[in-house]
Amino acid sequence: MDQSTSTTGQPAADNTVDAPTSDRALGAPLVELKSVNKHFGALHVLQDIDLTVRKGEVLVVIGPSGSGKSTLCRAINRLETIDDGTITVDGKTLPEEGKALAQLRAEVGMVFQSFNLFAHKTVLDNVTLGPRKVRGLNKKDAEEQARKLLDRVGVGNQAGKMPAQLSGGQQQRVAIARALAMQPKVMLFDEPTSALDPEMVNEVLDAMVALAQEGMTMIVVTHEMGFARKAADRVVFMADGQIVEEAAPEEFFTAPKSERARDFLSKILTH
Amino acid sequence: MNDYLSGLGALLQQYDVLGAFWTNIQLTFWGALIALALGTLLALMRISPIASLRWAGATYVSIFRNTPLTIIMTFMVMGVWTALQIQLADNFEDNFFRLAVVGLAVYHAAFVCEAIRSGVNTVPLGQAEAARAIGLSFLPAARLIILPQAFRGATAPLGNTLIALLKNSTVAAAASVSWETSSTMKTMIEFNPNYLWEIFAVFAIGYVILVIPIGLLTTWLSRRLAVKR
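Residues numbered from 1 in each chain as written. Chains lettered and ligands numbered in written order. Predicted model: local features only at pLDDT ≥ 70, side-chain atom pairs only at ≥ 80, totals over all residues. Heavy atoms only, no water.

Under the annotation held in an unreviewed UniProt entry, chain B carries the name Amino acid ABC transporter permease and is attributed to Promicromonospora kroppenstedtii. Database annotation for chain B, UniProt heading Sequence similarities (unreviewed entry): "Belongs to the binding-protein-dependent transport system permease family. HisMQ subfamily." Reading the Subcellular location (unreviewed entry) entry of the UniProt record for chain B gives the comment "Cell membrane". (UniProt positions renumbered as here; feature names shortened; annotations may be inferred.)

An unreviewed UniProt entry annotates chain A as Amino acid ABC transporter ATP-binding protein originating from Promicromonospora kroppenstedtii. Heading Subcellular location (unreviewed entry) of the UniProt record for chain A holds this comment: "Cell membrane". Here is the UniProt Sequence similarities (unreviewed entry) comment for chain A, exactly as written: "Belongs to the ABC transporter superfamily."

This paragraph deals with the packing of helix α7 (residues 138–153) of chain B against helix α8 (residues 155–168) of chain B. When two helices pack together, their arrangement is captured by the angle between the axes and the distance separating the axes. Direction vectors running N to C along α7(B) and α8(B) enclose 65°, while the axes themselves pass 5 Å from each other. Listed contacts from α8(B) to B:F151, B:R152 and B:G153 of α7(B) are B:T155, B:P157 and B:L158. (Axes fitted to C-alpha atoms, helices over the stretch in contact; angles between N-to-C directions. Helix = DSSP H or I, 4+ residues; strand = E, 2+ residues; numbered from the N terminus. Contact = heavy atoms within 4.5 Å.)

In this structure's numbering, the residues bearing the UniProt feature "domain: ABC transmembrane type-1" (unreviewed entry) are residues 21–218 of chain B. End C-alpha atoms of residues 21–218 of chain B are separated by 21 Å, and the span's content is 80% helix alongside 0% strand.

Residue and element names in this part refer to chain A. Sheet architecture is open: 4 strands sit in the order β2-β1-β4-β5, paired in antiparallel fashion. Edge positions in the open sheet fall to β2 (43–54) and β5 (92–93), since each of these has one partner strand only. As defined by bridge partners, strand β1 (residues 29–40) adjoins strand β4 (residues 84–89) across 5 bridges and the pair is classed as antiparallel. Looking at β4, one finds that E32 is bridged to T88. (Pairing = 2+ DSSP bridges.)

So, on to α8(B). Residue and element names in this part refer to chain B. An ideal rise of 1.5 Å per residue puts 20 Å on 14 residues; α8 measures up with 20 Å between its terminal C-alpha atoms. Among all positions of α8, only T155, L158, G159, T161, I163, L165 and L166 are buried. Lining the buried residues of α8 we find α2 (17–47), α5 (92–120), α7 and α10 (196–225). (Expected span 1.5 Å × (residues − 1). Buried < 20%, exposed > 50% of the residue type's maximum accessible area, 1.4 Å probe, protein only.)

With that settled, the discussion passes to the confidence of the model for chain A. Mean pLDDT for chain A: 88, with 90% of residues reaching 70 or above. Contacts for the low-pLDDT stretch residues 1–22 of chain A, under 50 throughout, to residues beyond four places or in other chains number 37 contacts. (pLDDT = per-residue confidence, 0-100.)

Between chain B and chain A, the residue contacts involve 19 residues of the former and 23 residues of the latter. When the two sides are added together, the surface that chain B and chain A hide from each other amounts to roughly 1800 Å², 65% of it contributed by carbon and sulfur. There are 1 salt bridge connecting chain B and chain A. The partner of A:R74 in a salt bridge is B:E129, with the nearest N and O atoms 2.6 Å apart. Viewed at the interface, chain A and chain B are joined by 6 residue pairs in polar contact (both at pLDDT 80 or more). Contributions of two or more residues to the side of chain B that touches chain A are made by α6 (125–133) and α7 of chain B. Among the elements that make up the side of chain B that touches chain A, the one with the highest residue count is α6(B) (7 residues). (Buried area = accessible area lost by both parts, 1.4 Å probe. Salt bridge = Lys/Arg side-chain N within 4 Å of Asp/Glu carboxyl O. Polar contact = N/O pair within 3.5 Å; in protein donor to acceptor, adjacent residues only side chain to side chain.)

Following the sequence through the fold, B:L33 ends up in helix α2. Taking the C-alpha atoms as reference points, B:L33 and B:T161, 128 residues apart in sequence, are found 12 Å from one another.

Residue and element names in this part refer to chain A. As for its position among the elements, E191 is in the loop between β7 (186–190) and α6 (198–213). Separated by 136 residues in the primary sequence, E191 and K55 have C-alpha atoms spaced 21 Å apart. In contact with E191, not counting residues within four places along its chain, are K69, S70, Q113 and V221. At 2.8 Å, the side chain of E191 forms a polar contact with the side chain of S194.

With that settled, the discussion passes to the packing of aromatic side chains. Under the definition given, this model contains 12 aromatic pairs over all chains. With centroids separated by 5.7 Å and ring planes inclined at 25°, the aromatic side chains of B:F21 and B:F203 adopt a geometry described as stacked. Placement of B:F21 in helix α2 and of B:F203 in helix α10 is noted, with a sequence separation of 182 residues between them. Judged on exposure class, the residue B:F21 and its partner B:F203 are both buried. Aromatic pair B:Y107 and B:F111: ring centres 5.2 Å apart, planes at 55°, arrangement tilted. You can see B:Y107 and its partner B:F111 sitting in helix α5, 4 residues apart, about one turn around the helix. For B:Y107, a relative accessible area of 12% gives the class buried. Its relative accessible area of 27% is what places B:F111 among the partly exposed residues. Among the aromatic residues, those joined into a ring-pair cluster are A:F237, A:F252, A:F253 and A:F264. The ring of A:F118 is capped by A:R178, whose NZ or CZ atom sits 4.5 Å from the centre of that ring. (Phe/Tyr/Trp six-rings, centres within 6.5 Å; stacked < 30°, edge-to-face > 60°. Lys NZ or Arg CZ within 6 Å of the ring centre and 35° of its normal.)

Here we take up the pairing of strand β10 (residues 242–247) of chain A. Two strands pair when backbone bridges link them, and strand β9 (residues 234–239) of chain A and β10(A) are joined in this way by 5 bridges, in the antiparallel orientation. Residue pairing across strands places A:V235 opposite A:A247, the latter belonging to β10(A).

What follows is the structure, given as C-alpha cells:
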C-alpha cells in the first residue's frame, strides 16, 4: 500500500500547521447519524441524534457524564447497538453482525479511555496484529509500518516492551498507533485522556493535535478544552441524551447559547 | 519382623503396582488431552455471540457436570459398547481403556469448560472491544486475544481439574479397566487381608506423590504466566 502521502491512509492535508483549523475546507460527509435512538432500560440515552461529520473534520463532543457522549462514540463502530435510526460510515450503513461489520470496524479507528492494549502482546505486536490478521499484510511490511507509526507518536523505543511496562501516556500513544495501523477513514477517541495522570495528558493531546493537522477525520469525546480550541472544527455539546448545542470552539467556549452549556462550562471552568 | 517385611515385599512383587499406576497415568494423559480440546470448544460455544451455541454448551455442562462419573463409565461399557455395539479397538483391553478415556474426557470437559470460562472472566471486557475495534470477528478475536489470556488466567483451576482427573481415573474400574490401581488394590486386599493397612498406604502414598508435583507446578505456572495489567 502506498504510504508516501501519509500513514493515516489519507492524502496529506493542504492546510499548513499554523492555519486556523476551522478555516480548512471540509470534504464530503463521512459519518452520518440519522434519528439515532438508544435506551439502557428505562434510560433514553441517545434521543433522536442527527449528526454529520465531514471528511477531514475534527469534532469534539463535550458534556456532563451520563449525557450519552461515550455511547454516541461507541455506537459509531457498533460497540453499542442502537434501537433505531441509521449510522453510515463513508456511505455504507453499519452492518448488524458478522464479516461486514468487522470490515467496517477495520476502517474506523478507536481509542479507548482505558487504552485496552492487548496485555499479552508486545507493543510492536499490538500494532501489527490488525494489519496482519485483518488486512493480510506480511510480517515485514506490518512491522515496518508499525515502527514508523510508533516513531510518529514518540514511542518507537518501546516497541519490544509489554504494555504493563509503559506509562499510561505511552500506552495511549501506542493505542493511537495501533488504530492508525489499520489506515482508518475516521478515528474515534472515547475520553482518551481521562484515565491519565495529569503530567501525561499533554503527550497524548500533542499526538492527537498532530493527527488533526494531518487531516484525519476525528470524533473526540473529551473535556480537554485546550485541545478543542487548538484542533477542533466544531464542538457538539450533549446533555441528557440530546445534542443541545453545536458551534465552533471559540464561539462555544466564550459565548455558549444554551443554559445547559453555560451551566456546564461554569462548573468546569471555576477552578 | 523379617517375615513381615519379606511378606510385604513378595506381595508387591506379585502384583504389578507400578504398572497399575502407569495405566492411571496413561488414562489421565489421554483423558486430559481430549477433555482440554472438548472443554475449549465448549467454552468457545458458551462465550459465542450465537444463542443456540451458548445454549448447547451450557446444556452439555449441566448434564455432564451433574452426572456421577461412575454412571458415565458404566454407561460407556453397558450403553456404548454392549448395547450400541460401538467398539473403539479390536482387543478387549484396548477397547475398555479407550472407552474409559472417552468417559473421563466427556465428564472432565465440562469442568475444563468452566475453568476456561473463569479464565475468560479474568480478561477485561476492553480487550474484546479493542479486538473488535480493529476488525477482528469473533473467532479470530477469541483465538488471538481472549483465549490466550484466559488460559493463563485459568492455569490454577485447570490444574485442579487435572488433579481431579488423575484421581478420578480410578473410576475406570467401572469401565472394566481391571488392571488400574483401585482394582489392583482391591484384589490385593482381598487375597492378603493381613496387609490391609500397608496396601492402602502404598496406593494412597502413590497418589500423593503423583498429585503434589502437579499442584506445585500449576501454582508456579499460574504465577509465572499471569498476564500483567
